[in-house]
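Residues per chain are reported as follows:
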Amino acid sequence: MSERPRLLVVEDDPGLQRQLKWAYEAYEVLLAADRPGALAALEAADPPVVTLDLGLPPDPDGVSEGLALLEEILARRPHAKVIVASGHGDRESARRAIALGAFDFYQKPIDIDELGFIVGRAFHVANLEAENRRLQARTPDTPLGAIVTGSPEMLKVCAMVERVAATNVSVLLLGASGTGKEVLARALHAASPRAAGPFVAINCAAIPENLLEAELFGYERGAFTGAVKTTEGKIELAKGGTLFLDEVGDIPLPLQVKLLRFIQERVIERVGGRRSIPVDVRIVCATHQNLKAMIADGRFREDLFYRIAEVTITIPPLKDRPGDALLLAHHFLQKHAGQRPGGPVRFGPSAVAAINLHSWPGNVRELENRVKRAIIMADGPAITAEDLDLADSPDLRPVPLKEARAQSDRRAILAALAASGGSVSQAARALGISRPTLYDLMRELGIDQPA
Ligand SMILES: Nc1ncnc2c1ncn2[C@@H]1O[C@H](COP(=O)(O)OP(=O)(O)OP(=O)(O)O)[C@@H](O)[C@H]1O
Ligand SMILES: [Mg+2]
């Protein structure tokens with residue numbers, strides 16, 4: 001088989017067949033004139049891109065055979081990019097084909113350049129998707145393999161997690177809701193020498209204040225009404241492993257004192273007990289709160305902060321991880337597709353645009369929920385922006401380019417001024433423009449001169 005990318009052309013007109021074969025020298029063109037021929041070529045050569053004339057025998061003047069073949073191709077090769085050809089002015093059939101999962105369409109008579117452009121783009125998308133699938137298929141052979149990312153910022157976070165995992169230092173994971181604090185804590189444990197020991201997580205925000213102490217430290221029989229038997233707390237249960245204190249900022253002050261004492265002395269006393277029990281655990285904490293501000297307000301103990309945050313790792317929000325939203329969306333599609341057998345198999349163009357443009361305030365958790373929803377809602381094999389409930393997202397409202405540029409200029413200038421501490425000449429240098437130009441822009445965009 002040749003090295004050129006394989007393109008299957010399904011066309012019943014021998015003249016057009018010849019013309020297309022000749023026009024696509026860059027590809028290894030496979031020809032088929034009907035459904036059986038096309039399916040045979042599909043099985044034999046697995047072409048990533050197919051052009052399909054909807055008017056095929058036995059219905060050369062209609063579209064029924066072409067649409068049926070389209071469905072069959074996508075059922076057998078969900079990732080194939082099928083470009084359909086419809087008769088002149090027959091936009092309705094084109095729409096139906098797209099709804100069934102066709103990649104794109106063009107109208108006859110054929111404009112070789114236009115079709116060539118569409119075919120080129122189809123190969124490009126097919127290659128990108130294949131690469132994505134290859135990356136996701138990568139077996140999680142390393143503990144951090146469970147973390148799906150391609151963004152430099154997040155890869156830095158993973159590298160840092162891997163480095164601290166080998167040590168015994170306490171780690172504080174900071175990140176907004178849904179950024180992956182718990183998955184990273186688990187990955188840290190799995191990459192550490194304690195991997196064979198337990199990983200015990202406790203969400204300090206989810207447990208009522210009066211129960212939290214017993215939950216953490218355990219209790220002796222008879223310590224309080226209902227304490228019918230001696231029970232180990234989460235700290236003890238994590239012995240030899242990792243204790244993950246999620247939402248550590250929600251621990252009430254009196255309990256912060258007890259926790260601090262445990263971290264300093266590495267012994268616990270159960271509620272109602274008098275015995276000091278030594279416990280060896282590694283502590284990983286997480287919070288979405290600003291602990292520094294809480295310290296300033298007297299709501300979090302500074303001495304405890306320094307004990308739990310020997311190393312602090314900040315997880316960037318999803319919107320600051322270029323490319324990750326789509327990568328994760330594919331990951332979750334694969335993970336949850338089984339919930340609806342025969343359900344959608346890929347993201348259509350509107351879904352891809354929506355995923356790339358949405359600002360994801362709920363981060364990875366929101367993304368996973370939307371993909372789960374879309375799998376259930378989708379009508380055809382391709383998920384739409386509407387299935388993700390993102391069709392009306394303000395991020396997706398088209399704005400005139402001029403306005404978009406003004407917005408991004410404004411952002412860049414404000415950032416440069418912030419970084420320069422208000423020095424206009426320094427900001428101009430950082431922006432790569434002259435000082436007068438910057439003054440002009442600031443006037444135009446209504447940015448006040450820094451005092
Ligand atoms: N980079 C990632 N790769 C794969 N899955 C991820 C990634 N980040 C998060 N997830 C998944 O997204 C979901 C949310 O992640 P996680 O629970 O770790 O977030 P969190 O920061 O603890 O959120 P919350 O603040 O809401 O508790 C989980 O199902 C998790 O498995
Ligand atoms: Mg969490």
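Keep in mind that what you see is a predicted model, and the values were worked out from it rather than measured.

Overview of the nonpolar core
Working step 1: The biggest cluster of nonpolar side chains holds 33 residues, and the ones touching the most others in it are Leu245, Phe262 and Ile308.
Working step 2: Those elements giving two or more residues to this core turn out to be β7 (199-203), α8 (209-217), β10 (242-246), α10 (253-265), β13 (282-287), α11 (291-296) and α12 (302-308).
Working step 3: Looking at this core, the element that brings in the most residues is α10, giving five residues.
Working step 4: Setting aside residues no more than four positions away along its own chain, Leu245 makes contact with Ile202, Cys204, Leu216, Leu259, Ile283, Val284, Cys285 and Ala286.

Regarding the sheet that holds strand β1 (residues 6-10)
Working step 1: Strand order in this open sheet of five strands is β2-β1-β3-β4-β5, and the pairing throughout is parallel. Among the strands making up the open sheet, the edge pair consists of β2 (28-32) and β5 (104-107). Pairwise comparison of adjacent strand axes, ignoring direction, gives a mean angle of 20° for this sheet.
Working step 2: Direction of pairing for strand β3 (residues 49-53) relative to strand β4 (residues 81-86): parallel, over a ladder of five bridges.

Considerations on the pattern of salt bridges
Working step 1: Summed over all chains, the structure comprises 26 salt bridges.
Working step 2: In this structure, Arg186 engages Glu182 in a salt bridge whose closest nitrogen and oxygen atoms are separated by 3.0 Å. Of the two residues, Arg186 and Glu182 both sit in helix α7 (residues 181-190), four residues apart, roughly one turn of that helix.
Working step 3: By relative accessible area, which is 43% here, Arg186 ends up partly exposed.
Working step 4: Its salt-bridge partner being Arg301, residue Asp303 comes within 2.7 Å of it at the nearest N-O pair.
Working step 5: For Arg301, a relative accessible area of 29% puts it in the partly exposed group.
Working step 6: One connected set of salt bridges, linked through shared partners, spans Arg35, Glu43, Asp46, Glu65, Glu72, Arg76 and Arg77.

Quick word on the domain arrangement of the chain
Often, the extent of an interface is quoted as the loss of accessible area upon association of its parts.
Working step 1: You can read the domains of the chain as domain 1 (6-137), domain 2 (143-314), domain 3 (319-396) and domain 4 (401-445).
Working step 2: In this structure, domain 1 and domain 2 have C-alpha centres spaced 55 Å apart.

A closer look at α7
Residues separated by three or four positions in an α-helix point in the same direction, a consequence of the helix having 3.6 residues per turn.
Working step 1: Along α7, the residues that are buried comprise Lys181, Leu184, Ala185, Ala187, Leu188 and His189.
Working step 2: Here the buried face of α7 lies against α6 (152-165), β6 (171-174), β7, β10 and β13.

What about the state of the cysteines?
Working step 1: Summed over all chains, the structure comprises zero disulfides.
Working step 2: Free cysteine Cys204: the closest other cysteine sulfur is in Cys285, separated by 7.6 Å.
Working step 3: Under the relative-accessibility criterion, Cys204 is labelled buried at 2%.

As for the packing of aromatic side chains
Working step 1: Enumeration according to the criterion identifies five aromatic pairs in this entry.
Working step 2: Aromatic pair Tyr27 and Phe123: ring centres 4.6 Å apart, planes at 15°, arrangement stacked. Here the residue Tyr27 occupies a position in the loop between α1 (14-23) and β2, and Phe123 occupies one in helix α5 (residues 112-137), the gap between them amounting to 96 residues.
Working step 3: With a relative accessible area of 14%, Tyr27 lands in the buried category.
Working step 4: Here Phe123 falls in the buried class, since its relative accessible area comes to 6%.
Working step 5: When the ring of Phe199 is compared with that of Phe244, the centres are 6.0 Å apart and the planes differ by 25°; the resulting orientation is stacked.

Rules used in this analysis
- Residues numbered from 1 in each chain as written.
- Chains lettered and ligands numbered in written order.
- Predicted model: local features only at pLDDT ≥ 70, side-chain atom pairs only at ≥ 80, totals over all residues.
- Heavy atoms only, no water.
- Core = buried A, V, L, I, M, F, W, Y, C linked by side-chain atoms within 4.5 Å.
- Buried < 20%, exposed > 50% of the residue type's maximum accessible area, 1.4 Å probe, protein only.
- Helix = DSSP H or I, 4+ residues; strand = E, 2+ residues; numbered from the N terminus.
- Contact = heavy atoms within 4.5 Å.
- Pairing = 2+ DSSP bridges.
- Axes fitted to C-alpha atoms, helices over the stretch in contact; angles between N-to-C directions.
- Salt bridge = Lys/Arg side-chain N within 4 Å of Asp/Glu carboxyl O.
- Domains from an automatic or database assignment.
- Disulfide = S-S within 2.5 Å.
- Phe/Tyr/Trp six-rings, centres within 6.5 Å; stacked < 30°, edge-to-face > 60°.

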